[in-house]
Amino acid sequence: MCSLGLASDVRSKESLVSQSGHVPVRSKRADAVRNRQALLAAAAAVFVTSGVDAPIREIAARAGVGMGTIYRHFATRADLVVAVYRHQVEACAEAGPTLLATADSPFAALRQWVDLFVGFLVTKHGLANALRSDSSGYNALHTYFLDRLVPVLAQLLDAAVDAGEISPGTQAYELMRGIGNLCAGGDSDPHYEPRRMVALLLAGLQRPQPS
């Protein structure tokens, strides 16, 4: 009886809150998370086209908010850059299992994931300069990057090996290093297309399939 009375009392309080026009705290937090995610997505898109030194007003315009809103979330440019970096690392990490479950084959999942990873590397360039006053912070981010993404790529490679689509022996870390090296400088040389070279690298991993 006590538990039922408590539940009824809670519902009555929630009804009063709703009638008074106040937004529940949980809803406010959800809105804040969505707003932050929208800002990070806008910043990442601007970083790809204009670099991490892009004016804050350009990011605000893309996100459809005032500059003050961005500074309320991120006190400094370095804070924003780090947040975008972590946001994209998490997106890449979460994409791996999803692609394995939905792609036509493990190798197709690997190829799609690598394409996402290459897109992330374009944004990552310039990170060191943005954090040049905090080398320890950059090193911590690099460790976080490896800890989150190497296991995801290893899972994709293992699945492709098990399916007979690629030969065993390729290590996730060395493949990530190779892709990173192919992408280096691609944003500053209009005559070089990193994605084409990465596609050739992946093609070299693929085993011939029976017709």
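Refer to the structure presented above.
Residues numbered from 1 in each chain as written. Predicted model: local features only at pLDDT ≥ 70, side-chain atom pairs only at ≥ 80, totals over all residues. Heavy atoms only, no water.

If you tally the helices and strands in the chain, you get 10 helices and zero strands. The helix and strand sequence of the chain, counted from the amino end, reads α-α-α-α-α-α-α-α-α-α. Residue pairs in contact within the chain that sit at least 24 positions apart in sequence constitute 65% of those at least 6 positions apart. Within the structure as shown, the chain displays about 12,600 Å² of accessible surface, and the carbon and sulfur contribution to it stands at 54%. (Helix = DSSP H or I, 4+ residues; strand = E, 2+ residues; numbered from the N terminus. Contact = heavy atoms within 4.5 Å. Areas by Shrake-Rupley, 256 points an atom, 1.4 Å probe, with all protein chains shown as cover.)

Taken as a whole, helix H3 (residues 56–63) has its buried residues at Ile56, Ile59 and Ala60. Down the axis of H3, the sector holding all buried residues measures 100 degrees, keeping them to one side. Relative to its buried face, H3 has exposed residues pointing more than 90 degrees away, namely Arg57, Ala61 and Arg62. Gly64, located one to two residues past H3, shows a positive phi value of around 75 degrees. (Buried < 20%, exposed > 50% of the residue type's maximum accessible area, 1.4 Å probe, protein only. Arc of directions from axis to C-beta.)

As a further point, take the nonpolar core. Membership of the largest hydrophobic core comes to 36 residues, with the highest contact counts inside it found for Trp113, Phe117, Leu149 and Ile179. Going through the elements one at a time, helix H5 (77–102), helix H6 (106–124), helix H8 (135–162), helix H9 (172–183) and helix H10 (194–205) are the ones with two or more residues in this core. The next biggest cluster of nonpolar side chains, apart from the first, holds 17 residues, and it includes Leu40, Phe74, Leu80 and Ala83. (Core = buried A, V, L, I, M, F, W, Y, C linked by side-chain atoms within 4.5 Å.)

In contact at an axis separation of 8 Å, H9 and H10 are set at 150 degrees when each is read in the N-to-C sense. Considering their axes alone, H9 and H10 lie roughly antiparallel with respect to each other. Here the hand of the crossing between H9 and H10 comes out right-handed. For the pair formed by H9 and H10, the contact residues are Leu175, Ile179, Leu182 and Cys183 on the first element and Pro194, Met197, Val198, Leu201 and Leu205 on the second. For the contact of H9 with H10, the per-class residue count stands at nine nonpolar, no polar and no charged. (Axes fitted to C-alpha atoms, helices over the stretch in contact; angles between N-to-C directions. Parallel < 35°, antiparallel > 145°, perpendicular 65-115°, else oblique. Left-handed = near helix turned anticlockwise from the far one by under 90°. Nonpolar A, V, L, I, M, F, W, Y, C, P; charged D, E, K, R; others polar.)

The next point concerns the packing of aromatic side chains. Here the structure, examined in full by the defined rule, presents six aromatic pairs. Look at Trp113 and Phe117: their rings are 5.4 Å apart centre to centre, the planes differ by 10 degrees, and that puts the pair in the stacked class. One end of the pair, Trp113, and the other, Phe117, are both in helix H6, four residues apart, so they sit about a helical turn from each other. When the centroid spacing of 6.1 Å and the interplanar angle of 20 degrees are considered together, the rings of Phe117 and Phe145 count as stacked. With Phe117 in helix H6 and Phe145 in helix H8, the pair connects residues that are 28 residues apart, well separated along the chain. Residue Phe117 is classed as buried on the basis of its relative accessible area, which comes to 1%. What links up through ring pairs into an aromatic cluster is the set Tyr85, Trp113, Phe117, Phe120 and Phe145. (Phe/Tyr/Trp six-rings, centres within 6.5 Å; stacked < 30°, edge-to-face > 60°.)

Attention shifts here to the packing of H6 against H9. Viewed as axis vectors pointing N to C, H6 and H9 meet at an angle of 50 degrees, and their least axial separation amounts to 10 Å. Taken together, the axis directions place H6 and H9 in an arrangement best described as oblique. Relative to H9, the crossing made by H6 is right-handed. Listed contacts from H9 to Val114, Phe117, Val118 and Leu121 of H6 are Met176, Ile179, Gly180 and Cys183. Here the residues of the contact of H6 with H9 sort into seven nonpolar, one polar and no charged.

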